[in-house]
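Structural description and commentary
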Amino acid sequence: MIIRNGDPGDVQAVLGMFDSAVAWLTAQGRTGQWGSDPFSADPARVERISRWAASDGMRIAEIDGEPAGCAVLGPPMPYVDPAPEPELYVQALVVDRRFHGRGVGAALLARARAEAVELGVSLLRVDCYAGDDGRLVRYYESRGFTRAETFSVGEWPGQILQMRL
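Residues numbered from 1 in each chain as written. Predicted model: local features only at pLDDT ≥ 70, side-chain atom pairs only at ≥ 80, totals over all residues. Heavy atoms only, no water.

1. Topic: the layout of surface pockets
Within this model, the largest pocket holds a volume of roughly 1100 Å³. Looking at the largest pocket, it is lined by 42 residues, and the ones nearest its centre are Gln33, Trp34, Leu93, Leu136 and Tyr140. Secondary-structure elements contributing two or more residues to the lining of the largest pocket are helix H1 (11-27), helix H2 (43-54), strand S4 (88-95), helix H3 (104-119), strand S5 (123-129) and helix H4 (135-142). Ranked by residues supplied to the lining of the largest pocket, first place goes to S4 with six residues. (1 Å grid on protein atoms, 1.4 Å probe; cavity = no way out; pocket = protein on both sides within 12 Å on 5 of 7 lines; lining within 4 Å. Points joined across faces, edges and corners; volume = space filled by probe spheres on them. Helix = DSSP H or I, 4+ residues; strand = E, 2+ residues; numbered from the N terminus.)

Okay, here's the thing in structure tokens:
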């Protein structure tokens, strides 16, 4: 597996990753996180991913030359208060379902940790969907994050997690 910087040529691949995740979640009846409509069919989501790809924060994990996952690093999302200290924020993390179980998410989070250290930042944060059975929160905890605070965006329940470096 390699991890490289993303660019505008990755937009379609990243949309495909999100679409595969939405289809999988929907098949399980878990539509609370991202709904049931493909990201590629939502102009606002296409625009967001296009902005990420044009930024310097997108990281693409590849396995055998194929995009397998994506992380976006930068400042906190607009719906989250900034930390009272310098931080690096994982704005997005998604793995193409074809590569599930191959350590793609863990590798992208390890890259985020390494970049935070390189920047001299001692706080890495991420937020995620905190509804349903809490499985996603537990995933981040298994990667070394601890729960910080909860929040909501409308009816969408969120959890901020952090890692001290």
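Read on for the rest.
2. Quick look at the packing of aromatic side chains
Where two aromatic rings form a pair, the distance of their centres and the angle of their planes describe that pair. Following the criterion strictly, the structure yields eight aromatic pairs and no others. Ring centres of Phe18 and Trp34 lie 5.2 Å apart, and the angle between their planes is 65 degrees; this geometry places the pair in the edge-to-face category. Taken together, the residues span a long stretch of sequence, with Phe18 in helix H1 and Trp34 in the loop between H1 and H2 at a distance of 16 residues. Here Phe18 and Trp34 have matching classes, each one buried. Ring centres of Phe18 and Phe39 lie 4.4 Å apart, and the angle between their planes is 5 degrees; on these two criteria the pair is classed as stacked. Placement of the pair is Phe18 in helix H1 and Phe39 in the loop between H1 and H2, with a sequence separation of 21 residues. By the burial criterion, Phe18 is buried, and Phe39 matches it. Taken together, the aromatic side chains of Tyr79, Tyr129, Phe151 and Trp156 make up a single cluster linked through ring pairs. (Phe/Tyr/Trp six-rings, centres within 6.5 Å; stacked < 30°, edge-to-face > 60°. Buried < 20%, exposed > 50% of the residue type's maximum accessible area, 1.4 Å probe, protein only.)

3. Some points on the sheet that holds strand S2 (residues 58-63)
Across the sheet, seven strands lie side by side as S1-S2-S3-S4-S5-S7-S6; this open sheet has mixed pairing. What marks the edges here is a single partner per strand, and that holds for strand S1 (2-5) and strand S6 (146-153). Mean inter-strand twist for the sheet, computed between neighbouring axes without regard to direction, equals 30 degrees. Bridging between strand S3 (residues 66-74) and S4 involves six bridges; their strand directions are antiparallel. Along S4, the bridge assignment pairs Leu73 with Val90. Packed onto the sheet, H2 meets S2, S3 and S4 and runs at close to 90 degrees relative to S2. (Pairing = 2+ DSSP bridges. Axes fitted to C-alpha atoms, helices over the stretch in contact; angles between N-to-C directions. Contact = heavy atoms within 4.5 Å.)

4. Describing unusual backbone geometry
Positive phi, normally seen in glycine, also occurs at Asp64, with a value near 50 degrees. Take Asp64: it is sitting in the loop between S2 and S3. One non-glycine residue, Asp132, lies in the positive phi region at around 55 degrees. Along the polypeptide, Asp132 turns up in the loop between S5 and H4.

Bear in mind that shape data such as this cannot, by itself, settle questions of function.
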